[in-house]
Amino acid sequence: MVLHHEWISNGQVVPSQSDDERKSVVVMLHGLLGNGKNLRTPAKVLTKENDKLSALLLDLRGHGNSSPTSSEHSDFKLLARDVLHTLDSLGLHSNQSPISWIGHSLGGRVALQSLHHLIDKNQEESTAGRMVQLPKTVWIWDSVPGLVHEDVKQVVGALESVPMPFLGKRKADLVNVLVNEKGLSKPIAQWAASSLEPTENGFVFSFDLKVARNLLDNFHQQNYMEILHGARQHHSESVKKNSGAITSKIHIVMADRNPSWTPEILHQLKSIHHDDNETPFLGLHTLPKAGHWVHVDNLSGLMQIMQDHGIDTH
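Read on for a plain summary of the structure. (Residues numbered from 1 in each chain as written. Predicted model: local features only at pLDDT ≥ 70, side-chain atom pairs only at ≥ 80, totals over all residues. Heavy atoms only, no water.)

Let's talk about the overall build of the chain
Reasoning step 1: Each helix and strand counted, the chain has 11 helices and 10 strands in total.
Reasoning step 2: Relative to its full complement of 314 residues, the chain shows a buried share of 51%.
Reasoning step 3: Partitioning the intrachain contacts of the chain with sequence separation of at least 6 by distance along the chain shows that 76% fall at a separation of at least 24.
Reasoning step 4: When the accessible surface of the chain is summed, it comes to about 15000 Å², and 48% of that surface belongs to carbon and sulfur atoms. (Helix = DSSP H or I, 4+ residues; strand = E, 2+ residues; numbered from the N terminus. Buried < 20%, exposed > 50% of the residue type's maximum accessible area, 1.4 Å probe, protein only. Contact = heavy atoms within 4.5 Å. Areas by Shrake-Rupley, 256 points an atom, 1.4 Å probe, with all protein chains shown as cover.)

Some points on the pairing of strand β9 (residues 249–255)
Reasoning step 1: Among the seven residues that make up β9, seven are buried, leaving the element largely enclosed by the rest of the structure.
Reasoning step 2: Side chains of β9 alternate between two faces, with Lys249, His251, Val253 and Ala255 and Ile250, Ile252 and Met254 buried alike.
Reasoning step 3: Across five bridges, the pairing between strand β6 (residues 137–141) and β9 is parallel. Opposite Ile140, over in β9, you have Ile252 as the bridge partner.
Reasoning step 4: By the bridge criterion, six bridges tie β9 to strand β10 (residues 282–287) in an arrangement that is parallel. The residue bridging Val253 from the neighbouring strand is His285, located in β10. (Pairing = 2+ DSSP bridges.)

Here we look at the environment of Asp217
Reasoning step 1: Tracing the backbone shows Asp217 in helix α7 (residues 209–218).
Reasoning step 2: Asp217 sits in the partly exposed class, given a relative accessible area of 42%.
Reasoning step 3: Separated by 142 residues in sequence, Asp217 and Asp75 place their C-alpha atoms 8.6 Å apart.

Some thoughts on the nonpolar core
Reasoning step 1: Within the largest apolar cluster, 69 residues are counted, with the highest numbers of intra-cluster contacts made by Leu33, Leu87, Trp101, Leu159, Leu228, Ile250 and Ile252.
Reasoning step 2: By residue number, the principal contributor to this core is helix α3 (residues 106–124), which donates seven residues.
Reasoning step 3: Those residues in contact with Leu159 that lie beyond four places of it in its chain are Leu33, Leu178, Ala192, Phe205, Phe207 and Leu209.
Reasoning step 4: Among the nonpolar cores identified, the runner-up in size contains 24 residues, and Ala255, Leu287, Leu302 and Met303 belong to it. (Core = buried A, V, L, I, M, F, W, Y, C linked by side-chain atoms within 4.5 Å.)

Looking at the packing of aromatic side chains
To describe a pair of aromatic rings, one takes the distance between the centres and the angle between the planes.
Reasoning step 1: With the rule as written, the count across this model stands at three aromatic pairs.
Reasoning step 2: The interplanar angle of 65 degrees and the centroid separation of 5.4 Å between the aromatic rings of Phe76 and Phe219 together place this pair among those described as edge-to-face. You can see Phe76 sitting in helix α2 (residues 76–89) and its partner Phe219 sitting in the loop between α7 and α8 (224–241), a full 143 residues away along the chain.
Reasoning step 3: Judged by relative accessible area, which is 11%, Phe219 ranks as buried. (Phe/Tyr/Trp six-rings, centres within 6.5 Å; stacked < 30°, edge-to-face > 60°.)

A word on the packing of helix α4 (residues 150–160) against α7
Reasoning step 1: Contact geometry of α4 with α7 gives a least axis separation of 11 Å together with a crossing angle of 150 degrees. The pairing of α4 with α7 is recorded here as roughly antiparallel in orientation. The way α4 lies across α7 gives a crossing that is left-handed. Where α4 abuts α7, its residues Val152, Lys153, Val156, Gly157, Leu159 and Glu160 lie against Leu209, Arg213 and Leu216.
Reasoning step 2: The class makeup of the residues in the contact of α4 with α7 is five nonpolar, one polar and three charged. (Axes fitted to C-alpha atoms, helices over the stretch in contact; angles between N-to-C directions. Parallel < 35°, antiparallel > 145°, perpendicular 65-115°, else oblique. Left-handed = near helix turned anticlockwise from the far one by under 90°. Nonpolar A, V, L, I, M, F, W, Y, C, P; charged D, E, K, R; others polar.)

Considerations on the side chain of Asp82
Reasoning step 1: By the secondary structure assignment, Asp82 is in helix α2.
Reasoning step 2: Not counting the four nearest positions on each side in its chain, Asp82 is found in contact with Met1, Leu3 and Arg61.

What follows is the structure, encoded as structure tokens:
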């Protein structure tokens, strides 16, 4: 499916990217139960600081204005195909392909899955033709390898237990239900309630909880570390061949207040980070003063890391 999308250029929302002012494109992918608008603020900062960039914000399947077109089971492979199909439909292929992908949380996993798909496709085909090309950089914002966090399961379970449409008069009524009856914290309840939309029959969520549940159940089927190893191998082989082909450098930004970044996970990542490649492949960055919502908790620090390490260069 072609995903609903929004363009940001020069720090502002724009109808589309002007053909007479083609800029390098950065694709931004939101987290679970979110939508592209969640990333408007970092997109505006990014494109205002670099007037040669445009940001493309996508609503993933079952989120925001990208409603699923069928009852097809949603998984990471399907979401990755949606992303690549959307880029192709917008003419963002061949030499117009996006130079960088940015994904927060779930979006980081979708970015990795999309990268994995393109690497496999590039290895299968002798000519890229109109294919979407590999980005120069992939930025993963606080997306932790492994199974889904129990807190996320609790939130989705709580939302599933609320009858829809919600018949409260205000969004604050849902906040009270989620806090007092479902045991969620007030900030999480307020965040969930912000996704309510009014209808004639009451409030409904702007995301599809069936899609969210499918994705939660699919977390264990995506081998995050295996995809990183595959990308590293592709990078290493391309460097050895000196073919001039595009390879992707991956940057993982880790929130210092997120306890899910365990010593075991860090050890696995560092084993990839300290590979003997001639050029670096994986960048690991710890963002101070930030929890999981890195672009909310410490946006200036996040932008500084991206500026220091280059969003569009190796």
